[in-house]
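# Survey of secondary and tertiary structure
Spelled out, the chains give:
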Amino acid sequence: MPDLQPVLLVGAGPGDPRLITLAGADALRRADVVLYDRLAAPELLDLARHADGHSDGHADGKVQLIDVGKAPGGQTVTQDDINQMLIDHARRGRRVVRLKGGDPFVFGRGGEEASALTAAGIPVRVIPGVTSATAAAAAAGIAVTDRRASSSVTIVTGSDGDGGAEPIDWHAVANVGGVIVLMMAWRSIEHIAARLIDAGLSAQTPAAAIERATTPQQRVITAPIAELSESARTLNPPVTVVIGPTVPLAHPVADLPLAGWRIVVTRPAAQSASMIERLRALGSMVIALPTIEIRPRQDAAVDAAVQRLADGQYHYVALTSVNGVDTLWNALQHRQFDARAFAGVRIAAIGSETARALSRRGLQADVVPAAFTSTALSDRLAAEDLAGKRVLLARAALGSPVLRERLADAGARVDDVAFYDTVTPTPDPDALAELRHAADLVTLTSPSTAQGLVRMLRDTDSAAAQLDSLQAVCIGPVSAAAARQLGLSVAAVADVYTVDGLIDAVLQLASEHPSGLR
Ligand code: SAH
């Protein structure tokens, strides 16, 4: 029998994927199997999915993700089934994570799972989480205790009765004082409120209902408890209800600057993580729809160029994208070369992000133009004496001829080598549907992302009518020109041609249009 790893019961936090603990995130990255619930944020599953960098990682490089979620009322996987699955996977010697919303031991049946595992002889560890019992209130600006008003907080479920615990003493709850937090109570809130009032809680007690706390879809309604169900009729679970004297003390919660905005990210999946993270942190809902995919070339032209570089035949290497840096570097490594291939070479980068990609490899760009365009780069290079100098232009197939022609005009011998192709990936149908019906802005970080987007829409929609209803924000004038030429409307163009510059342009646009563009 293989060594048994402890099963980890991991708290996922209340909704915002960033509210998982570091220990929880680490457990996900190391997991072989993850059993998760309905409310688990997809980003958290991505943590498990993308964890291929572990030296002691998964034997076959793949994590198994199992949805054991139950929609309210829906019958899918029973608790016994879940317990048995945990036991079976653990017995196979796998690292099992049981990912549970909020904290595993607050109305999460974590205790039942821990008991079942222990009874089966399997060790268990709990990684606590941020519970929505307090986080939902906090996200609405409400403290659950406050020396001025509440010295206790009572957390109660609205759906007790099937597990053998004593039934809830609603009379005691109504009279306990302090703050009362109701979970799993939204469907019966009218009934529960009436019961509390009957038992002596003032009908005027301030209350708040918080839907999908800590997510971009969060909604908060406050009303006296007697009126809450009526005032908050439009809310849907998950909802947490907070009742008590701290509700009126709530501080106003400042909206995040991109709250309510749905923003499409078209960058290749491998490069979009930090951009998506930033947009989310600013409050936007992100629709990840990569419209290009990078396919490195491994052909004779690449081989020859890399060999010439290593042989010291180039005076200059010019790089016009992070992808160019990545694919050139990988091609060098693939052929057992390293940074010494750049000895004596002047390195030109089109902009700060390309320069940063170089610097991650220990290479400092010698030439970076003030404006991050091919024209500016060729102007900067042409100011140096290029006569008879050999230049390697390592970039995408079908790049614009501007740089090559201008350098050749200045007397350089240019090898314009395609290190990668840019292809249009098959779109995720959900993301495509969201783009069509709900997107406020589409971000374009290169002309090719614009071309990929249009190609994707044409391929999947014979009408292809609504191109001009999409509002694009572009990283720079070249992308903007490409987008316009393709029939897209350009709502804004970054002043600084970087992802940060693009996000600044989005922020500017959002501040000018507080009620949106659509
Ligand atoms: N273990 C979880 C609670 C599970 S019970 C925790 O510690 O948070 C499910 C209940 O949690 C829901 O009915 C709702 O009352 C509350 N809940 C979960 N996520 C929520 C969210 N994002 N916003 C508001 N309430 C939430």
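Residues numbered from 1 in each chain as written. Predicted model: local features only at pLDDT ≥ 70, side-chain atom pairs only at ≥ 80, totals over all residues. Heavy atoms only, no water.

On to the overall build of the protein. A tally of helices and strands in the protein yields 18 helices and 20 strands. Within the protein, residue pairs in contact and separated by at least 24 positions form 69% of the contacts whose partners lie at least 6 positions apart. Charge separation in the protein, taken as the distance between the mean sites of 47 positive and 56 negative side-chain charges, equals 4 Å. (Helix = DSSP H or I, 4+ residues; strand = E, 2+ residues; numbered from the N terminus. Contact = heavy atoms within 4.5 Å. Lys, Arg positive; Asp, Glu negative; His and termini not counted. Charge placed at Lys NZ, Arg CZ, Asp CG, Glu CD.)

Before going further, it helps to examine the pattern of salt bridges. For the structure shown, the criterion picks out 24 salt bridges. In this structure, D37 and R98 form a salt bridge, with 3.1 Å as the shortest nitrogen-oxygen distance. With D37 in the loop between β2 (33-36) and α2 (42-49) and R98 in strand β4 (residues 96-100), the pair connects residues that are 61 residues apart, well separated along the chain. According to the relative accessible area criterion, R98 is buried, its value standing at 2%. (Salt bridge = Lys/Arg side-chain N within 4 Å of Asp/Glu carboxyl O. Buried < 20%, exposed > 50% of the residue type's maximum accessible area, 1.4 Å probe, protein only.)

Looking now at the site of the ligand. In the vicinity of the ligand, 16 residues are found, and the nearest of them are V106, T131, S132, V239 and T240. Within the contact set of the ligand, a nitrogen atom lies 2.9 Å away from a backbone nitrogen or oxygen of P14. At a separation of 2.7 Å, an oxygen atom of the ligand approaches a polar backbone atom of V239. For the ligand, whose accessible area on its own is 550 Å², the fraction buried by protein is 89%. Grouping the amino acids of the shell around the ligand by side-chain chemistry returns nine nonpolar, five polar and two charged. Each of two domains, domain 1 (7-130) and domain 2 (133-249), supplies a minimum of three residues to the shell around the ligand. (Near = heavy atom within 4 Å. Polar contact = N/O pair within 3.5 Å; in protein donor to acceptor, adjacent residues only side chain to side chain. Areas by Shrake-Rupley, 256 points an atom, 1.4 Å probe, with all protein chains shown as cover. Nonpolar A, V, L, I, M, F, W, Y, C, P; charged D, E, K, R; others polar. Domains from an automatic or database assignment.)

The next subject is a nonpolar patch on the surface. A cluster of nonpolar residues, F107, V153, I155 and M184, forms a patch on the protein surface that exposes about 320 Å² of accessible area. Within the element layout of this structure, F107 appears in the loop between β4 and α4 (110-119). (Patch = residues over 30% accessible without salt bridge, like charges linked within 9 Å, V, L, I, M, F, W, Y side chains within 5 Å.)

Either a parallel or an antiparallel arrangement is found when strands of a sheet pair, and the pairing is made through backbone hydrogen bonds. Taken in spatial order, the five strands line up as β3-β2-β4-β1-β5 in an open sheet, and their pairing is parallel. Of all the strands in the sheet, the pair left with one neighbour each is β3 (64-67) and β5 (124-127). Going across the sheet, the axis of each strand differs from the next one's by a mean of 20 degrees, ignoring polarity. Those strands touched by helix α3 (residues 79-91) are β1 (7-11), β2, β3 and β4, and its axis lies near 150 degrees from that of β4. (Pairing = 2+ DSSP bridges. Axes fitted to C-alpha atoms, helices over the stretch in contact; angles between N-to-C directions.)

Segmenting the protein into domains produces domain 1 (7-130), domain 2 (133-249), domain 3 (262-292 + 425-512) and domain 4 (295-423). The C-alpha-based centres of domain 1 and domain 3 are spaced at 34 Å.

Turning next to the packing of helix α9 (residues 273-281) against helix α18 (residues 499-512). One can describe the packing of α9 onto α18 by two numbers: an axis separation of 11 Å at closest approach and a directional angle of 25 degrees. As far as their axial angle goes, α18 and α9 are roughly parallel. Pair α9 / α18 crosses with right-handed handedness. For the pair α9 and α18, the contacting residues are M275, R278 and L279 in the first and V499, D500, L502 and I503 in the second. A class-by-class count of the residues in the contact of α9 with α18 yields five nonpolar, no polar and two charged. (Parallel < 35°, antiparallel > 145°, perpendicular 65-115°, else oblique. Left-handed = near helix turned anticlockwise from the far one by under 90°.)

Once that is clear, we can look at the nonpolar core. The biggest cluster of nonpolar side chains holds 28 residues, and the ones touching the most others in it are L309, V317, L319, L328, F342, L392 and F419. Elements with a contribution of two residues or more to this core: α10 (300-310), β14 (316-319), α11 (322-334), β15 (346-349), α12 (352-359), β16 (390-396) and β17 (413-423). Sorting elements by how many residues they give to this core places α11 first, with six residues. In contact with L309, not counting residues within four places along its chain, are Y314, V317, L328, L332, A341, F342 and V345. Within the second largest apolar cluster, 25 residues are counted, among which are I189, I225, V239 and V241. (Core = buried A, V, L, I, M, F, W, Y, C linked by side-chain atoms within 4.5 Å.)

Let us now look at α2. All buried positions along α2 are accounted for by L44, L45 and A48. Each buried residue of α2 sits inside an arc of 100 degrees when the element is viewed along its axis, so together they form one side. Buried residues belonging to α2 abut α1 (22-30), β2, β3 and β4. (Arc of directions from axis to C-beta.)

As judged from the four bridges shared by strand β11 (residues 262-265) and strand β12 (residues 285-288), these two strands associate in the parallel manner. Across the sheet, the residue bridging to V264 is I287, located in β12. Note on the crossover from β11 through α9 to β12: the handedness is right-handed. In terms of strand pairing, β11 meets strand β18 (residues 441-444) through three bridges, oriented parallel. What sits directly across from V264, in β18, is V442. (Right-handed = clockwise from strand over helix to strand, strands pointing away.)

This paragraph deals with the sheet that holds strand β7 (residues 179-183). A sheet is described by the order of its strands in space; here five strands give the open sequence β6-β7-β10-β8-β9, paired in mixed fashion. Single-partner strands in this sheet number two, and they are β6 (153-157) and β9 (219-224). On average, each strand axis in the sheet is inclined to that of its neighbour by 20 degrees, with strand direction left out of account.

This brings us to the side chain of T443. Mapping T443 onto the fold places it in strand β18. Setting aside residues no more than four positions away along its own chain, T443 makes contact with I263, V264, V265, T266, M275, V473 and L502.

As a further point, take the side chain of D32. With respect to the helices, strands and loops of the structure, D32 is situated in the loop between α1 and β2. In terms of polar contacts, D32 uses its side chain to reach the backbone amide nitrogen of R95, at 2.7 Å.

With that out of the way, let us pick up unusual backbone geometry. A cis amide bond, omega 0 degrees, links P237 with the succeeding residue P238. Examined against the element boundaries, P238 turns out to sit in the loop between α8 (228-231) and β10 (239-243). Residue F107 is not a glycine yet carries a positive backbone phi of 45 degrees. One non-glycine residue, R212, adopts positive backbone phi at about 45 degrees.

A few words on the environment of G13. Tracing the sequence through the fold places G13 in the loop between β1 and α1. The spatial distance from the C-alpha of G13 to the C-alpha of D103 is 6.4 Å, given a sequence separation of 90 residues. Non-local contacts of G13, meaning those with residues more than four positions away in its chain, are made with L19, K100, G101, G102 and V130.

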